[in-house]
Amino acid sequence: ERLTRSRALSALVGFIGVLVVARPGSLGVITPGLAAALLSAVAFAATALVTKRLTQVTPVLAILFWLAAMQTGLGLLCAGWDGDIALPDRRTLPWVVVLGLAGLLAHLGLTKALSLAAAAVVTPLDFMRLPLIAVVGMWIYHEPLDPVVLVGGAVIFAANWINIRAETQFRSVTAAPPGPQRHVID
């Protein structure tokens, strides 16, 4: 993945949009939650790059299998950290299955997208998750929709637009056929 000016600008604008939505408090104050979110973003970017590289040599379903296996192991380790793992009851089990399948489908979609496009194109689109979750929170949990979230969502959308437009222009320039050729008649 090459870091171009348009990719860097897109990432910066997207990050600003995420900060607008998340409103981490006064500038310069790093809370433990904000530090965890920043580390998570760096880890997610590293995961996207590694996954992109893996898709060049490994089938998507194999990547998905090992991802699910590792997450299951780590999830069980974290769940059992205190020695008290509770199995879901009959009422909760279907929702746990739905969440597990949704997560698996999300990983499949992201891995397939990374196999088809550059991580610099796929990852900024994932930023759209933040304002979409705000809308879901409003719809399902009746959370008030803060206008600042809409502004942040618009900034994130602008970052995606900058990125996709630059990538589309780059692809059309590199894929353009050469100019007309002259044929010399003897």
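Let me sum up the structure you'll find in this document. This structure is a prediction, so every number in the text was calculated from the model and none was measured.

1. Topic: the environment of I85
Residue position: I85 is located in the loop between helix 3 (60–79) and helix 4 (93–116). Of the residues examined, I85 reaches a relative accessible area of 47% and is grouped as partly exposed. Contacts of I85, omitting those with residues within four sequence positions, involve L76, A79 and G80.

2. What to know about a nonpolar patch on the surface
A cluster of nonpolar side chains, L93, V96, V97, L101 and L104, forms an exposed patch at the surface whose accessible area comes to about 410 Å². Counting through the fold element by element, L104 comes out in helix 4.

3. Some thoughts on helix 5 (residues 119–126)
The element helix 5 is largely enclosed, with a buried count of six among its eight residues. All of the buried residues in helix 5 are A119, A120, V121, V122, T123 and P124.

4. Some remarks on the packing of helix 2 (residues 32–54) against helix 5
Helix 5 packs onto helix 2 with a crossing angle of 140 degrees between their chain directions and a minimal axis gap of 10 Å. Relative to helix 5, the element helix 2 lies oblique. Note that helix 2 runs across helix 5; the crossing there is right-handed. Here F44, A48, L49 and K52 of helix 2 lie close against helix 5, whose contacting residues are A119, T123 and D126. For the contact of helix 2 with helix 5, the per-class residue count stands at four nonpolar, one polar and two charged.

5. Quick word on unusual backbone geometry
With a phi close to 60 degrees, H142 is a non-glycine residue in the positive phi region. Within the fold, H142 resides in the loop between helix 6 (129–141) and helix 7 (147–175). On the basis of relative accessible area, H142 is assigned to the exposed category, the value being 68%.

6. Looking at the packing of helix 3 against helix 4
Contact geometry of helix 3 with helix 4 gives a least axis separation of 10 Å together with a crossing angle of 135 degrees. Taken together, the axis directions place helix 3 and helix 4 in an arrangement best described as oblique. In this structure, helix 3 meets helix 4 at a crossing whose hand is right-handed. Together, V60, L61, I63, L64, L67, A68 and Q71 of helix 3 and L104, H107, L108, T111, K112 and S115 of helix 4 make up the contact between the two elements. Considered class by class, the residues forming the contact of helix 3 with helix 4 number eight nonpolar, four polar and one charged.

Conventions adopted
Residues numbered from 1 in each chain as written. Predicted model: local features only at pLDDT ≥ 70, side-chain atom pairs only at ≥ 80, totals over all residues. Heavy atoms only, no water. Helix = DSSP H or I, 4+ residues; strand = E, 2+ residues; numbered from the N terminus. Buried < 20%, exposed > 50% of the residue type's maximum accessible area, 1.4 Å probe, protein only. Contact = heavy atoms within 4.5 Å. Patch = residues over 30% accessible without salt bridge, like charges linked within 9 Å, V, L, I, M, F, W, Y side chains within 5 Å. Areas by Shrake-Rupley, 256 points an atom, 1.4 Å probe, with all protein chains shown as cover. Salt bridge = Lys/Arg side-chain N within 4 Å of Asp/Glu carboxyl O. Axes fitted to C-alpha atoms, helices over the stretch in contact; angles between N-to-C directions. Parallel < 35°, antiparallel > 145°, perpendicular 65-115°, else oblique. Left-handed = near helix turned anticlockwise from the far one by under 90°. Nonpolar A, V, L, I, M, F, W, Y, C, P; charged D, E, K, R; others polar.

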